[in-house]
Amino acid sequence: MKALTELADRFEDASQTYASTNGIARNDDWFILKMQEELGELTQVWMKLTGRGRLRGRTEEELRRDLADETADLLGHILLFARRNGVDISPAIERKWRFDPEARPPTS
């Protein structure tokens, strides 16, 4: 099994558990709307970090952690969206970015 598929499966397990615990219905629209929500949250943190948003008492260290957390959320929801829609992301990365995401990089 490919590494990205395995990672998407782990996000799926976590998402199903979260949705079940919180009574959230995950339908086709939910997956794309969650990506949009997470991108908005990532943008909000970025605006604060770059002096274009209210800090609300957050330190730079806290904002850097928020940036990492929101980036992880967005990545997870991108993989969930791809999984839900039967998108095999590895060949798409090869086409668009011109590298095999499953191959180990050469050692120096």
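Higher on the page you've got the structure.
As the structure is a computational prediction, the values presented were derived from the model and not from experiment. (Residues numbered from 1 in each chain as written. Predicted model: local features only at pLDDT ≥ 70, side-chain atom pairs only at ≥ 80, totals over all residues. Heavy atoms only, no water.)

Moving on: helix H2 (residues 28-49). Residues lying three or four places apart along an α-helix face the same way, a consequence of the helix completing one turn every 3.6 residues. For H2, built from 22 residues, the straight-helix expectation of 32 Å at 1.5 Å per residue is met to within 8% by its first-to-last C-alpha distance of 33 Å. Those residues of H2 not exposed but buried are Trp30, Phe31, Lys34, Met35, Glu38, Leu42, Val45, Lys48 and Leu49. Within H2, the buried residues cover an arc of 150° as seen down the axis, which keeps them to one side. Facing away from the buried surface of H2 by more than 90 degrees, the exposed residues are Asp28, Asp29, Leu33 and Gln36. Contacts from the buried residues of H2 go to helix H1 (3-22) and helix H3 (60-84). A side-chain oxygen of the first residue of H2 lies 3.2 Å from the backbone nitrogen of aspartate 29; this N-cap is asparagine 27. Among the residues trailing H2, glycine 51 stands out with phi positive, at a value near 75°. (Helix = DSSP H or I, 4+ residues; strand = E, 2+ residues; numbered from the N terminus. Expected span 1.5 Å × (residues − 1). Buried < 20%, exposed > 50% of the residue type's maximum accessible area, 1.4 Å probe, protein only. Arc of directions from axis to C-beta. Contact = heavy atoms within 4.5 Å. Polar contact = N/O pair within 3.5 Å; in protein donor to acceptor, adjacent residues only side chain to side chain.)

Moving on, we come to the packing of H1 against H3. Here H1 crosses H3 at 100°, and the two axes come no closer than 9 Å. In terms of their interaxial angle, H1 and H3 are classed as roughly perpendicular. Residue-level contacts link Leu7, Ala8, Asp9, Phe11, Glu12 and Ser15 of H1 to Ala72, Gly76, Leu79, Leu80 and Arg83 of H3. Split by residue class, the contact of H1 with H3 holds six nonpolar, two polar and three charged. (Axes fitted to C-alpha atoms, helices over the stretch in contact; angles between N-to-C directions. Parallel < 35°, antiparallel > 145°, perpendicular 65-115°, else oblique. Nonpolar A, V, L, I, M, F, W, Y, C, P; charged D, E, K, R; others polar.)

To continue, consider the packing of H2 against H3. At their nearest, the axes of H2 and H3 sit 9 Å apart, and the two run at 160° to each other. Taken together, H2 and H3 sit at an angle that is classed as roughly antiparallel. The handedness of the crossing between H2 and H3 is left-handed. Residues that form the contact of H2 with H3 fall into these classes: 15 nonpolar, two polar and 11 charged. (Left-handed = near helix turned anticlockwise from the far one by under 90°.)

Looking now at the nonpolar core. One finds Leu42, Val45, Leu49, Leu63, Leu67 and Leu74 forming the largest nonpolar core, which totals six residues. Residue assignment for this core shows that the elements contributing at least two residues are H2 and H3. Those residues in contact with leucine 49, other than ones at most four positions away along the chain, are Glu60, Leu63, Arg64 and Leu67. (Core = buried A, V, L, I, M, F, W, Y, C linked by side-chain atoms within 4.5 Å.)

So, about the layout of surface pockets. In this model, the largest pocket occupies a volume close to 230 Å³. The wall of the largest pocket is formed by Phe11, Ala14, Ser15, Tyr18, Trp30, Lys34, Glu38, Ala72, Asp73, Gly76, His77 and Leu80. Every element with two or more residues in the lining of the largest pocket is listed here: H1, H2 and H3. Examining the composition of the lining of the largest pocket, we find that five residues originate from one element, H3, more than from any other. Taken together, the residues that form the lining of the largest pocket break down as six nonpolar, three polar and three charged. (1 Å grid on protein atoms, 1.4 Å probe; cavity = no way out; pocket = protein on both sides within 12 Å on 5 of 7 lines; lining within 4 Å. Points joined across faces, edges and corners; volume = space filled by probe spheres on them.)

Summed over all chains, the structure comprises one aromatic pair. When the centroid spacing of 5.0 Å and the interplanar angle of 90° are considered together, the rings of tryptophan 30 and phenylalanine 31 count as edge-to-face. For tryptophan 30, a relative accessible area of 15% translates into the label buried. Given the relative accessible area of 1%, phenylalanine 31 is considered buried. (Phe/Tyr/Trp six-rings, centres within 6.5 Å; stacked < 30°, edge-to-face > 60°.)

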